[in-house]
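# Secondary and tertiary structure notes
Each chain, written out:
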Amino acid sequence: MSTDAPATRPVLRSLDAVVLTVPDLDAGLRFYRDRLGHDLLWRNDDLGQAGLRCPESATEIVLSTRLPAEPNWLVQSVDQAIEAITAAGGQLLGGPTDIPVGRVATVSDPFGNRLVLVDLSAGRYTTDQHGQVTGVTPEP
């Protein structure tokens, strides 16, 4: 594939999440949930992450104690997206790696912008009444 050839279909489907770095989840939740009013969708203390709802969007705010601030793009397949992006002139920075809900990788575009690619091939988190992750439910 030439770096000038157009893609047959868009690789980046939608903005899945915006990761924001916080010193600890409770402090992040006090600000984003309690002060700014975003609903808690899920919390995974083992990963140091919590997902919050953006009320007029399917995009989540993901608070993380371990990851840098960056956009997460939902893709059909992480492996296929890596192939398309690197063929178009981007670079693989990390991964792909299996995660509880699917696969993830980090790439950069030719301009140095970091893009986190996520597929939900394993499903979505299920939670208890307090938002704690209890498992993953496959998508139909």
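Above this text is the structure in question.
All of these numbers come straight from a predicted model, not from anything done at the bench.

### Remarks on the overall build of the chain
- What the chain contains, in helices and strands, is 2 helices and 10 strands.
- Reading the chain from its N end, one meets helices and strands in the order β-α-β-β-β-β-α-β-β-β-β-β.
- Whereas a compact globule of 140 residues would reach a radius of gyration of roughly 14 Å, the chain reaches 16 Å, a difference of no more than 12%.
- Its C-alpha atoms put the chain at 50 × 35 × 30 Å along the principal axes.
- Counting across all 140 residues of the chain, residues that qualify as buried make up 36%.
- For the chain, the exposed area adds up to about 8200 Å²; of that, 51% sits on carbon and sulfur atoms.
- For the chain, the distance from the average site of its 11 positive side-chain charges to the average site of its 18 negative ones is 4 Å.

### Remarks on the sheet that holds strand β5 (residues 70-74)
- The 8 strands lie next to each other as β2-β3-β4-β1-β5-β8-β7-β6, forming an open sheet whose pairing is mixed. With partners counted over all chains shown, the strands left at the sheet margins are β2 (40-44) and β6 (91-99), one partner each. Mean inter-strand twist for the sheet, computed between neighbouring axes without regard to direction, equals 20°.
- One ladder, built from 5 bridges, connects strand β3 (residues 49-53) with strand β4 (residues 60-64); its direction is antiparallel.

### What to know about the side chain of glutamate 70
- Secondary-structure assignment places glutamate 70 in strand β5.
- Since its relative accessible area comes to 10%, glutamate 70 is described here as buried.
- Aside from chain neighbours lying at most four places away, what touches glutamate 70 is Ala17, Val18, Val19, Arg114 and Val116.

### Concerning helix α1 (residues 25-35)
- Among all positions in α1, only Leu25, Gly28, Leu29 and Tyr32 are buried. For α1, the angular spread of the buried residues around the axis is 95°, confining them to a single face.
- Packing partners of the buried residues in α1 comprise β1 (14-21), β2, β3 and β4.
- Two or three places before aspartate 26, at the start of α1, stands the capping residue aspartate 24, its side-chain oxygen 3.1 Å from that residue's backbone nitrogen.
- Taken from the residues just after α1, glycine 37 is the one with a positive phi, measuring 85°.

### Considering helix α2 (residues 78-87)
- Residues Val78, Ala81, Ile82 and Ile85 constitute the buried set of α2. Looking down the long axis of α2, one finds its buried residues gathered within 105° of arc, a one-sided arrangement. Exposed residues pointing more than 90 degrees away from the buried face of α2 are listed as Gln80 and Glu83.
- Looking at the buried side of α2, the elements it contacts are β6, β7 (102-108) and β8 (114-119).

### Some words on the packing of aromatic side chains
- Using the criterion set out here, one finds 2 aromatic pairs in the structure.
- For the ring pair phenylalanine 31 and tyrosine 32, a centre distance of 4.8 Å and an interplane angle of 85° mean the geometry is edge-to-face.
- Taking the centre distance of 4.9 Å and the plane angle of 45° together, the rings of tryptophan 42 and tyrosine 125 count as tilted. Taken together, the residues span a long stretch of sequence, with tryptophan 42 in strand β2 and tyrosine 125 in strand β9 (residues 124-127) at a distance of 83 residues.
- Assessed through its relative accessible area of 8%, tryptophan 42 is described here as buried.

Thresholds applied
- Residues numbered from 1 in each chain as written.
- Predicted model: local features only at pLDDT ≥ 70, side-chain atom pairs only at ≥ 80, totals over all residues.
- Heavy atoms only, no water.
- Helix = DSSP H or I, 4+ residues; strand = E, 2+ residues; numbered from the N terminus.
- Rg over C-alpha atoms; globule rule 2.2 N^0.38 Å.
- Buried < 20%, exposed > 50% of the residue type's maximum accessible area, 1.4 Å probe, protein only.
- Areas by Shrake-Rupley, 256 points an atom, 1.4 Å probe, with all protein chains shown as cover.
- Lys, Arg positive; Asp, Glu negative; His and termini not counted.
- Charge placed at Lys NZ, Arg CZ, Asp CG, Glu CD.
- Pairing = 2+ DSSP bridges.
- Axes fitted to C-alpha atoms, helices over the stretch in contact; angles between N-to-C directions.
- Contact = heavy atoms within 4.5 Å.
- Arc of directions from axis to C-beta.
- Polar contact = N/O pair within 3.5 Å; in protein donor to acceptor, adjacent residues only side chain to side chain.
- Phe/Tyr/Trp six-rings, centres within 6.5 Å; stacked < 30°, edge-to-face > 60°.

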